[in-house]
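A structural walkthrough
What follows is each chain in one-letter form.
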Amino acid sequence: MSEYHFETSQIVTHRPPSFEDVQSIGELLLGKTKHRPAIGIICGSGLGSLADMVEDANIILYSEIPSFPTSTVPGHMGKLVFGTMKGKQVVLMSGRLHYYEGYPMWKTTIPVRILKACGISTLILTNAVGGLNPDYSVGDVMIIRDHIDLPGITGQCVLRGENDERFGPRFLATVETYDRELATLTKSIAEKLGLSDIMREGTYIMVGGPTYGTVAEFRLLRGFGADAVGKLYERFR
Ligand SMILES: O=P(O)(O)O[C@H]1O[C@H](CO)[C@@H](O)[C@H]1O
Ligand code: HPA
């Protein structure tokens, strides 16, 4: 395992980095590892130690990457891990960035653009959630079929602001945000592992936090049709 340290960056950090800046950060990262990941994994609370399963790992601390916010939440380590898992080239974010940490919304999701610039075409998001569906039990695992972007529909969409079409269209269609094939594959693997009983598939609703909800708020969110609630935002580039 090796660690890399970058020079202090001159890249402006009070507004989203430009397309050119994001590409150059991607190139900088790829220059520090021989791995060429096709899969990115963002580790939610409790899953940071997935990084220990990465073989032939190159670790780069968030604090050493231009424009990258640092993780401030306990248990979120704040490191990018390039390497292989079961023979696949991956890059893991061990440590998520949350809006409630005080970052502007774009800062919590900028790593996704940087991972894309590193070449990923599949992004696996994981996170800890609160169950809202009364049929769910503690310890169940839910595949996100769809989401309700509560901050987004109230005017705080992560894509608010200037748009560079090279990142994606101004008016992004979100009906197919989650890959059906990956969901099917996940369910079939769970079945083989004898885990079908705990596998769920439902609607995730994102809230600001850091507080957990009140009973009245949970009732409201359930009324919206959500099955689980949490605080992740990285679904859109
Ligand atoms: O989304 P992850 O990083 O898993 O974190 C989840 O766990 C933290 C504490 O509940 C909250 O931030 C919640 O969103
Ligand atoms: O946002 C949340 N709400 C309730 N429980 C949770 N567990 C993790 N995140 C959350």
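For the structure given in this document, a descriptive report is provided here. (Residues numbered from 1 in each chain as written. Chains lettered and ligands numbered in written order. Predicted model: local features only at pLDDT ≥ 70, side-chain atom pairs only at ≥ 80, totals over all residues. Heavy atoms only, no water.)

Here we come to the site of ligand 2. Taken together, A128, V129, G130, Y212, F218, V229, G230 and K231 form the complete shell of residues around ligand 2. Within the backbone of V129, an N or O atom sits 3.5 Å from a nitrogen atom of ligand 2. One of the backbone nitrogen or oxygen atoms of G130 is found 3.5 Å away from a nitrogen atom of ligand 2. Residue composition of the shell around ligand 2, grouped by class: five nonpolar, two polar and one charged. (Near = heavy atom within 4 Å. Polar contact = N/O pair within 3.5 Å; in protein donor to acceptor, adjacent residues only side chain to side chain. Nonpolar A, V, L, I, M, F, W, Y, C, P; charged D, E, K, R; others polar.)

Their axes nearest at 8 Å, the elements helix α1 (residues 19-30) and helix α2 (residues 105-117) cross at an angle of 60°. With respect to their mutual orientation, α1 and α2 come out oblique. In this structure, α1 crosses over α2, and the sense of that crossing is right-handed. Facing α1, whose interface residues are V22, Q23, I25, G26, L29 and L30, α2 presents R113, I114 and A117. Looking at the contact of α1 with α2, its residues break down into six nonpolar, two polar and one charged. (Axes fitted to C-alpha atoms, helices over the stretch in contact; angles between N-to-C directions. Helix = DSSP H or I, 4+ residues; strand = E, 2+ residues; numbered from the N terminus. Parallel < 35°, antiparallel > 145°, perpendicular 65-115°, else oblique. Left-handed = near helix turned anticlockwise from the far one by under 90°. Contact = heavy atoms within 4.5 Å.)

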